[in-house]
Structure formats: C-alpha cells, structure tokens
Amino acid sequence: MNEYNFAYLDEQTKRMIRRAILKGLAVPGYQVPFASREMPMPYGWGTGGVQVSAATLTPDDTFKVIDQGADDTTNAVSIRKFFENTAGVATTEETKKATVIQTRHRIPEAKLTEDQILVYQVPIPEPLRFLEPRETETRKMHSLEEYGLMHVKLYEDISQHGAISTSYSYPVKVSDRYVMDPSPIPKFDNPKLEMDAIQLFGAGREQRIYAVPPHTKVVSLDFEDYPFEASKADHPCDLCGAEDSYLDEVIMDDAGSRMFVCSDTDYCRSRREAGHQGPMTREDAA
Amino acid sequence: MTPLLQVKDIEKSYGARIGCTDVSFDLYPGEVMGIVGESGSGKSTLLNCLAGHLEPDAGQVIFDTRADGPVDTVTMSEPERRMLSRTDWAFVHQHARDGLRMSVSAGGNIGERLMAVGDRHYGDIRDKAIDWLGRVEISEARVDDRPTAFSGGMQQRLQIARNLVTGPRLVFMDEPTGGLDVSVQARLLDLLRGLVREMGLSAIIVTHDLAVVRLLADRLMVMKDGHVVETGLTDQVLDDPQHAYTQLLVSSVLQV
Amino acid sequence: MIRNMPIHSCLCPAFCRFEYLEKDEAMIELTDVSKSFTLHNQGSAVIPVMEGASLKVDPGECVALTGASGAGKSTLMRVIYGNYLAASGTVLVGGLDVAKAQPREILALRRETLGYVSQFLRVVPRVPTLEVVAEPLLALGRDRQVALDKAAGLLARLNIPERLWSLSPTTFSGGEQQRVNIARGFAHAYPAMLLDEPTASLDAQNRETVLSLIEEAKARGAAIVGIFHDVEARERVCDRSVNVSEFTPGQAA
C-alpha cells in the first residue's frame, strides 16, 4: 500500500484542508473556501467528504462510511475500500466502534460521542442559492446576516403546499449566526445536529468546508405559526420494530406492496441481534 | 425642521466623462422631487449615487436616520446602508423584473422585506401581503401567482407594494411609468400619488416624462450634461421655464 | 419677514409663517413687480409683459383686476400664486415673498394661506368628486369626516346632485366642473384668495351662491384678488379695481 501517501493526499494538501477545517470550527456554519483536489472518483460521489476524511484520519482511527444510512451500498463500499487501501485504517460498520464516520444524506441513529467525528458529503453548500444565484450576493448576505430570503423559500413552501414541504437539506441557523445547509439529510435528522461529536462538511466540486463544533446551538428555521417538525413515516420498522428511527420505504413487488425499514442498517441489525422484532419478522416467524 | 435628505456637491465621473457634477439640494419630509432631463443627462447616475447603488467621487448624501439623526450614507458602513435600503428607503426600478423576484409568488415578493427585518409569523406576513395587493389594486386571488403571469402594469404595482410594505420614508423611482401603456400609466400615477399622500412619503422621481412630474412632483430639477440647469416649483418651472434647455424641453412636448 | 398679530391660526405644524401677521398689514402686497419672458430658443428675445406693478390688498378686502384682454390680468395672478417667477420686485403674501421663496415654502403657502380658483378644473382621473372637494382640507391634515362633511355642504350649496358625488368630475359638464372647482376652492378658509372668473357661465342661482361665498370669505377676513368680466358681480363684491394696463410696459400711466 505504500505506493500512496497516507490517506491518498499529500501532506501539504492535508495541512491546507486541516486549516480550512479549523477555521470552519472556529466560525461555526461559515463556508470556508479550500483548494479542492481532483480525487480518483467523480464529483457527486463524495469527493468533498473524502478529502475532509483524508485530512482527519490518523493511523489509529476506525473508519465507517454510510450512504443513506447504509454501509453496504456502492458508494459506501467503495469509499471504505479506498481508505482501507490508501490509509490502511481499520474499518467497521458499527457506529459505536467508529472514530470517523463519513456520511451521505443521514446522521446515524445511535447517539454520537465526543470522541467521534462525523464527515458529511455536501453537493451544494449554499443554502441561499435557491433564490439568489449570484455567489457575490450570497456571500454578502452571509457576511451581513441578511437571511430574509431563506424565509421567503419557506413562505413559498407554505403558500403552495399548505406546510413547509422542504423535507431534506432543511436550512438551519448555527450558533445564532450563520445560516447553513446541513447537506441533504432528512429534516428528521435536524434535531440531532446539536450533538457531542464534531461535524465537518465537505463540498468537493464547490470547494467549501464548513463545520459545527460539539454542543453548538443549531436551530431549524421556521415560522411562529408553522413551527419546525422533524417528520418521518408514521410506521414502525418492519424488521426491527423501531418506532424512533428514520425509515426507507421499499417497494416489494409489482402489486405495490411495500415495507418500511430503518435506513440506518447498523441500527436495525443491532436491534434485531438484541432480539427486537418488527411486523414482518414476526410474520415470518409465525 | 431637519431635511430628510441633504445632498451636497455630488460628483460622479466615468473616466473623463462627467456623469453628474455639483449637485446639491435638500429634500424635506413629505416632499416629492422630480429630476428631468434627456437620456445621458446624468439623472440616472445621480439617482444611483443617492440611493447607494453607485459610489460618488465626491460629495455627501446625508439622510436623517430614525436612530442617529443625520448621517452621511456615502461613508456609512455597508451593513447600515443595506439595512437602510430595506427599511427606510425604497427603490422602484423602471423594469419591474429588476425589482422583483420573478420565481417567487406575489405574496413572497411582498413578504420578503418583512421577513428581512425579522417578521416570522406566516399568517401575519400573508395578511400584510394581501392587504398591500389590495392597496395596489391587485386581486387577493393572485397572491400565490408568480409575477411572470402578470401584465406589465401589474408587475409595476407589485414592485411598488413590495417596496412600500415596510413603510419607508424615502422612495427613489427610476422612470416608474416608462414602458407602460398610457392608460396603465395614468392608473399607476394616480396610485402613486395617493400612496405618497397617505403615507407622507418623500420621493425622488427620475423621468423624462413631464406629465409624470406635473402630477407627482412638488419641485423639479432639470439636468443637462451632468449639470443641474434649473430648479424650482414644478408648475413654475414647467409654465415659466427660465433656462434655454428647459424652454426647449417644455416646448418639445406634443400637445394633445 | 415675520409679522405679529394672529389673523389665522394654522394647523400646519411645519411651515407656518402666518400666525403672526401684523394688524392692518396687507395680506397681499406687491411692490414694483416686473415680469418678462426671455425666449432663449428664439434669438433670446426678451418680451417684457409687466413693469412697476404694485398692489396692496388688506384682509377682508376684494380687489378686481381690470384691463383689456392680454393686458396681463392672468399674468399678475400667476405671479402672485408663484406660478410665474417675478423678474424683480417683491410679492408678499401673508409675509412670504413669493418671488424669492423656496418651493416648499410656496407649497405650504398654497396649502395654508393662498387659495386659487382657476377657470378650469384640473384633477387626477378616477378620484370621486367629494374627495376632490375635500382634498385641500385633507392636505392640511384635517379630520377626514369633518373634511367630507364640509365638502358635502359646499356641493349641496352649489347644486351638484348628490348622486354625482361618488363619480369623478372629469365626466361632468363644463358648468358642473366649474362649480366643483369653486367648491374645492372654498373648502378651506384661505386668508388670501385668487379668483379667475368665478361666476362665468353660471346660472343666476349658482352665481348668487358664489357671490355669497365670496362675501362670506370677505366677512371672515380673506383678502381677495379677482378677475370678473361680470360687471354686476364685480360691483357687488369688489371694494375697488386695479387696471393692470397701468403695468403694461410702454403703456404705463
């Protein structure tokens, strides 16, 4: 494996990325520009997250990758393999055993701890872009804390759908200052953004890194008369019976029968191993 | 009485070419001033300098702020100036699409300034938006339609509603009736006149249309080649113009 | 410029100069006023139209301007109203020199002190007649209902049928428009008034009403300058006449 420098990137690049990460931690929610490198994978496959992970990993770390909560999807498997090959770090599928977790579109169900780092893959870091395409203007809006536009988006949601229909990438205000896109996690995960672990966000194509330090206030934007709600499918997990986890809806056959399962595969498996059962596993057992 | 706006020796050049120079005037609360002149006379440059869209090369634009009294807006910090332009100032563009968000509903367009100053109650924001649609004579039924579905006159009225919803004290207008049909113009002018009176607004209106200033403006400033050539009471300047250029301007209007 | 002695207590909080006009002081006083037009675009020809015009009108006095057509009656009225800029001399109205005043001072003067009933109604389309007549009071910040009541009273006196009050006067007949114009001109009790042919083309009854309005204005102390071709009307309401031909350059007395 020694054809590669540790974790693929050269030391200068990792140092540059670490400076961006430290700046991001110092100014929670602020998008720090960084010189994103070409990675041996296409944009949109997590190049931002991979660079942040590469700069974060040490040889003693245990690494976990999830994509939509699952450890076994193509994207998760290939990134895990990438770091197994280039960094030689230990990998795991168990949330509790991981020290660095790279994620796409989910926050693990298990409560993260102070000695863990969660690295998000971010496609579009700019929450204001939906209504203001000019980067010069959005930067100015951030610097002057002009965030009325963010509420215009939510207003449009309510006026068109009767409720805030934004269900992922739900904008938050970090530490009473910067409005931030939490990456396309479901809004169900938004309350978990106030956590004990360090959260780092990397956008490779857009060349931005931002961060939420542990125990930082993160508020989901809303209206007084339309308060934020962390919604999920009103159903228990069909496999493990969990009532408190975010569910994927899986179509079973052409007749349209469906099942709901935890999107967090590690969470679901560990519950089943502990003896929990859902409607379908009970049925199978019966 | 303190002037709402004191303009002192404003000068703006584009390289060797003069945009406007040596412009000074006071605008008092409730006053409407018209700036007339032909294309290239410097009237739009002046308006943009006053409204903070362009930085003048020299001069002061002193606004009587609510909190701190008269402050030079040219040297004030950008956050302060932007806050001013969302609260106490308004700018009505000639082309409604420059002043509206075309991909946002009429209600969202009006609500934006309210949300920008911290309104966080959807029901209240929507009620105010609907109230303002009514005041600019747009049906409540259109509140969720995008301005792209509106006629030119409606877009312009929507732009006015969007600007006035926060109760500004000074409105800058750049050819507010330009590009509209004559019948639509009359309606818009009538509306503006009513709103100016009702809200006690001060306004600076740039136009080349003398009928517009006769109807809306208390006083007039005539510009030519970047210089102010004549100022005075609107009807006096139009009926008894003193300067050669103003006489030419007034006599060039077709009589109907 | 500021005199003493209240003749009119105005409600305008901003520009009031008229609370302290000295007793027996003229309300309107022109001294050696001249007016000429310079036609810059026609070889800078200078056309003198008025010279040495002096005029003094006391509170409660009505002065008629006379002279042949084109002698400058309307020009003089316009100079007093500030519509034409005097070339020299002073034009004091309620203590303010209109020839030198700032636009906002003239506007305040017109709101508060100096009324003008022209021969033609000039209004914004779509505004109802009742509002048109009440407007001078609303502009002074008077209570809306009080203003509308006053307007209604005047319109009734001038025989404008009530069913027309909610319509814009732009569609009215010439005579009706003129009466609306007069009602508007008399809505506020101006201390000084300019009347341009107020009785022209009115029937006997309405003419009588207008003359009564003028007499009432005089009785409350208004200083009035008017143009009346109607000789009977002039003799009835005017205390004296001034022939403006005396001020016509080259024909001076």
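Here is what the cut-offs are and how they apply
- Residues numbered from 1 in each chain as written.
- Chains lettered and ligands numbered in written order.
- Predicted model: local features only at pLDDT ≥ 70, side-chain atom pairs only at ≥ 80, totals over all residues.
- Heavy atoms only, no water.
- Helix = DSSP H or I, 4+ residues; strand = E, 2+ residues; numbered from the N terminus.
- Rg over C-alpha atoms; globule rule 2.2 N^0.38 Å.
- Buried < 20%, exposed > 50% of the residue type's maximum accessible area, 1.4 Å probe, protein only.
- Contact = heavy atoms within 4.5 Å.
- Areas by Shrake-Rupley, 256 points an atom, 1.4 Å probe, with all protein chains shown as cover.
- Buried area = accessible area lost by both parts, 1.4 Å probe.
- Salt bridge = Lys/Arg side-chain N within 4 Å of Asp/Glu carboxyl O.
- Polar contact = N/O pair within 3.5 Å; in protein donor to acceptor, adjacent residues only side chain to side chain.
- Core = buried A, V, L, I, M, F, W, Y, C linked by side-chain atoms within 4.5 Å.
- Phe/Tyr/Trp six-rings, centres within 6.5 Å; stacked < 30°, edge-to-face > 60°.
- Pairing = 2+ DSSP bridges.
- Axes fitted to C-alpha atoms, helices over the stretch in contact; angles between N-to-C directions.
- Parallel < 35°, antiparallel > 145°, perpendicular 65-115°, else oblique.
- Left-handed = near helix turned anticlockwise from the far one by under 90°.
- Nonpolar A, V, L, I, M, F, W, Y, C, P; charged D, E, K, R; others polar.

Engineer: How should I be thinking about the overall build of chain A in this particular structure?
Structural biologist: When helices and strands are tallied, chain A shows seven helices and 12 strands. The C-alpha radius of gyration computed for chain A amounts to 19 Å, which stays within 12% of the reference 19 Å derived for 286 residues, consistent with globular compactness. Along the longest, intermediate and shortest principal axes, the C-alpha atoms of chain A span 60 × 55 × 35 Å. Taking all 286 residues of chain A together, 53% fall into the buried category. For chain A, the share of sequence-separated contacts (at least 6 apart) that also reach a separation of at least 24 residues comes to 62%. Element-wise, carbon and sulfur atoms account for 50% of the exposed surface of chain A, whose accessible area totals about 12700 Å².

Engineer: Any chance you could explain the overall build of chain B here in plain terms?
Structural biologist: In terms of regular secondary structure, chain B is built from 10 helices and 10 strands. Over its C-alpha trace chain B gives a radius of gyration of 18 Å, about what one expects of a compact globule, namely 18 Å for 256 residues. For chain B, the spread of C-alpha atoms along the principal axes amounts to about 55 × 45 × 35 Å. When the 256 residues of chain B are sorted by exposure, 56% land in the buried category. Taking all contacts inside chain B whose residues are at least 6 apart in sequence as the whole, residues at least 24 apart take part in 67%.

Engineer: Can you help me understand the interface of chain A and chain B in this one?
Structural biologist: Interface size, as often reported, equals the accessible area lost upon joining of the parts. Each side of the interface is counted separately: chain A has 21 residues, and chain B has 22 residues. For the chain A and chain B pair, buried surface summed over both sides reaches about 1900 Å², with 56% attributable to carbon and sulfur atoms. The largest per-residue losses of area from chain A upon contact with chain B belong to A:L144, A:E146 and A:Y155, which jointly make up 28% of the total buried on that side. Joining chain A to chain B, the criterion identifies five salt bridges. B:R82 is paired through a salt bridge with A:E137; the nearest N and O atoms lie 3.0 Å apart. Linking chain A with chain B are 14 residue pairs in polar contact (both at pLDDT 80 or more). Every element with two or more residues in the side of chain A that touches chain B is listed here: α4 (135-143) and α5 (148-161) of chain A.

Engineer: I would appreciate a short explanation of the interface of chain C and chain B in the present structure.
Structural biologist: On the side of chain B, 23 residues touch chain C, which itself brings 25 residues to the contact. Carbon and sulfur atoms supply 52% of the area buried between chain C and chain B, which totals about 2000 Å² over both sides. Looking at the side of chain C facing chain B, the largest losses of area belong to C:R104, C:V124 and C:R126, adding up to 26% of the total buried there. Across the pair B:D235 and C:R110 runs a salt bridge whose closest N-O atoms are separated by 2.9 Å. The interface formed by chain C and chain B contains 10 residue pairs in polar contact (both at pLDDT 80 or more).

Engineer: Mind showing me how you'd approach the nonpolar core here?
Structural biologist: Nonpolar side chains in soluble globular proteins tend to be buried together. Ranked by internal contacts, the top residues of the largest apolar core, which has 67 residues, are A:F223, B:I110, B:W132, B:L158, B:I160 and B:V171. Every residue in contact with B:I110, bar those within four places of it in the chain, is listed here: B:A129, B:W132, B:L133, B:L158, B:A161, B:R162 and B:V165. Residues C:L121, C:A183, C:L211 and C:V237 belong to the second largest nonpolar core, which totals 40 residues.

Engineer: Would you mind showing me how to read the side chain of A:D238 here?
Structural biologist: Here A:D238 lies in the loop between β10 (218-220) and β11 (247-251). Setting aside chain neighbours within four positions, we find A:D238 in contact with A:M259, A:F260, A:G278, A:P279, A:M280 and A:T281.

Engineer: I would appreciate a short explanation of the packing of aromatic side chains in the present structure.
Structural biologist: How two aromatic rings sit relative to each other is set out by the distance from centre to centre and by the angle between their planes. All names here are of chain A. For the coordinates displayed, the defined rule picks out 17 aromatic pairs over all chains. Ring centres of F82 and F83 lie 5.1 Å apart, and the angle between their planes is 80 degrees; this geometry places the pair in the edge-to-face category. In this structure F83 comes out as buried when scored by relative accessible area, which is 0%. Geometrically, the ring pair formed by Y170 and F228 is edge-to-face, given 4.9 Å between the ring centres and 65 degrees between the ring planes.

Engineer: Which parts of the structure should I look at to understand the sheet that holds strand β1 (residues 28-39) of chain C?
Structural biologist: Whenever strands of a sheet pair, they do so through backbone hydrogen bonds, lying parallel or antiparallel. Residues and elements named next belong to chain C. The strand order β2-β1-β4-β5 describes an open sheet built from four strands, whose pairing is antiparallel. Here the strands that pair on one side only, and so sit at the sheet edges, are β2 (45-57) and β5 (96-97). Note that strand β4 (residues 88-93) and β5 share two bridges and pair antiparallel. Bridge pairing in β5 places V93 opposite L96.

Engineer: Help me out: how do you make sense of the pattern of salt bridges in this one?
Structural biologist: When the charged atoms of two side chains with opposite charge come close together, those side chains can pair. Residues and elements named next belong to chain A. Per the stated rule, a full pass over the model turns up 53 salt bridges over all chains. For D189, the salt bridge goes to R106, with nearest N and O atoms at 2.7 Å. Taken together, the residues D189 in the loop between β7 (178-180) and β8 (198-203) and R106 in the loop between β4 (100-104) and β5 (117-121) connect sequence positions 83 residues apart. This pair shows no difference in class: D189 is buried, exactly as R106 is. Of the charged contacts in the structure, one is a salt bridge between K173 and E145, with a shortest N-O distance of 3.7 Å. Linking K173 in strand β6 (residues 172-174) with E145 in the loop between α4 and α5, this pair joins segments that are 28 residues apart in sequence. Its relative accessible area of 36% is what places E145 among the partly exposed residues.

Engineer: Looking at this model, I keep getting lost on the environment of C:P48. Mind explaining?
Structural biologist: Residues and elements named next belong to chain C. On the secondary structure map, P48 appears in strand β2. A relative accessible area of 44% places P48 in the partly exposed class. Between the alpha carbons of P48 and S34 there is a distance of 8.0 Å; along the sequence they are 14 residues apart. Each residue touching P48, except ones within four places of it in the same chain, is listed here: K35, S36 and P249.

Engineer: I'm lost on the sheet that holds strand β6 (residues 114-117) of chain C in this one. Help?
Structural biologist: Residues and elements named next belong to chain C. Taken in spatial order, the five strands of this open sheet run β6-β7-β8-β3-β9, and their pairing is parallel. Single-partner strands in this sheet number two, and they are β6 and β9 (240-243). The average undirected angle you get between the axes of adjacent strands in this sheet is 20 degrees. Here strand β3 (residues 62-66) runs beside β9; their pairing, made up of four bridges, is parallel. Paired with T66 across the strands is N243, a residue of β9. Contacting β6 and β7 (192-196), helix α5 (residues 174-187) runs over the sheet at an angle of about 175 degrees to β6.

Engineer: I'm lost on the packing of helix α4 (residues 144-157) of chain C against α5(C) in this one. Help?
Structural biologist: Between two packed helices, what matters for the description is the angle formed by their axes and the separation of those axes. Residue and element names in this part refer to chain C. As a packed pair, α4 and α5 sit with axes 9 Å apart at the nearest point and diverge in direction by 140 degrees. As far as their axial angle goes, α5 and α4 are oblique. As for how α4 packs across α5, the hand of that crossing is right-handed. Together, K150, L154 and L155 of α4 and V180, A183, F186 and A187 of α5 make up the contact between the two elements. Tallied by class, the residues present in the contact of α4 with α5 amount to six nonpolar, no polar and one charged.

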